[in-house]
Amino acid sequence: LAKFNYDCGDYQSARDMLENYLSLHASPPKPEADDDEDDVDDRRSSKKEDKADETVGDKSMYYLTKVDPDLLQILWGRLSCEILVENWEAATVALTACKNAIERLAATNKLTPLEALKQRTWLMHWSLFVKWNTGGSKGLESMVELFFTERYLQAITTVAPHLLQYLTAAVLLVKRRVAKQSDNSRGSNNTGLDSRRLLKDLIRTMQHCDYTDPIVEFVDCLCVKFDFDGAQEKLAECRHLLETDFFLCKQTALFMEEARVFVFENYCRIHNKVDLSTLGQKLAMDEQAAERWIVDLIRNASLDAKIDTEERCVVMGTDVRSTYERVIDKTRDLNVRSGTLVQNMTNVLNDSRKEKARRARAALEEEQKGNMISCL
């Protein structure tokens, strides 16, 4: 019946029916009622008796106690209904439920590796509707974090390289915000995104993907080839691509602004002094507009730079990273990499022991068969 309503375009009714169906398989925690003091002891004793029998489902999957391929299809239906009624907060919850259900089924071998790869690929496609419509940049940050997860990154490089376009655009849009957050949380245990690692991971992914478009080529010209003239040409092509893309059209102005900042940062990284007329050409702006834009950028972004009005140039300040920051950046993932190395070595040793034991059993069986034949 929910499928019938969905096909008829009544997505709200279909969503309500799927919610009711999921509630039949859910086990939410029992609400605690406010009792009188005389009933406190009775309530505590009843809690102890029921605690062993009470099983609370996974909160991230609508409190489902178990999941199977059929329930996964129900979760997919719930996600599609939330997207079509444009309830983006509920769609984010449904997207998380689908993701956790896929990973649980893959971990319990209820999905083959190929089926799990297809499900992750579909999840990334559906996430575009949710993440690009979620208010602010939080949605894009969570999308970048999802796409850079190892298993989903494998899906991009092997099955869906066209998603690199949206990943590249999202990285450029959130890069400055992530950099500010990392600067504010410096000195604390920050496990979130890092702007430098974002660009490194993006470039490495671009090298493994057989895909290209103006957005990807723009980043390639700046970060790999350092071809600023080519980046200027690709930036002009990016505007047309952004205006005609279903997901990116609303972010055209913001993307062009962030792209200009990206060009400015990379150009100034290799120059101490930059002529305003030259910089205006690199940014596809005239000299006066470029000067106003740089003044606003220095004022709003606290950029370490100043404008020399006599020489008509921008003078960049020195940004030298301390030894502590360089050491932290190099050793950030040392524990994770060491643990992975130990786990891999343990797996190799276990496999070799099993192979040795198998060969010993095979040799013993051959010897026993030989003895039996000689006795006969």
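Residues numbered from 1 in each chain as written. Predicted model: local features only at pLDDT ≥ 70, side-chain atom pairs only at ≥ 80, totals over all residues. Heavy atoms only, no water.

1. Thoughts on the overall build of the protein
Within the protein, the secondary structure is distributed over 17 helices and three strands. Sorting the 376 residues of the protein into buried and exposed places 37% on the buried side. At a minimum sequence separation of 6, the contacts of the protein that also span at least 24 residues come to 65%. When the accessible area of the protein is evaluated, it comes to approximately 23,200 Å², of which 51% is carbon and sulfur surface. (Helix = DSSP H or I, 4+ residues; strand = E, 2+ residues; numbered from the N terminus. Buried < 20%, exposed > 50% of the residue type's maximum accessible area, 1.4 Å probe, protein only. Contact = heavy atoms within 4.5 Å. Areas by Shrake-Rupley, 256 points an atom, 1.4 Å probe, with all protein chains shown as cover.)

2. Details of the nonpolar core
Judged by nonpolar contacts, the single largest core of 91 residues is most densely connected at Trp132, Phe147, Leu167, Phe218 and Phe255. Counting residues per element, this core draws most heavily on helix H9 (residues 164-184), at ten residues. Every residue in contact with phenylalanine 147, bar those within four places of it in the chain, is listed here: Met124, Ser127, Leu128, Tyr152, Leu153, Ile156, Leu163 and Leu167. (Core = buried A, V, L, I, M, F, W, Y, C linked by side-chain atoms within 4.5 Å.)

3. Notes on the pattern of salt bridges
Scanning the model with the defined rule gives 13 salt bridges in all. Between arginine 15 and aspartate 16 there is a salt bridge whose closest N-O contact spans 3.0 Å. Classification of arginine 15 by relative accessible area gives buried; the value is 14%. What makes aspartate 16 partly exposed here is its relative accessible area of 31%. Salt-bridge contacts for arginine 15 lead to glutamate 19; the nearest nitrogen and oxygen are separated by 2.7 Å. Of this pair, arginine 15 and glutamate 19 both sit in helix H2 (residues 11-24), separated by four residues, roughly a single helical turn. (Salt bridge = Lys/Arg side-chain N within 4 Å of Asp/Glu carboxyl O.)

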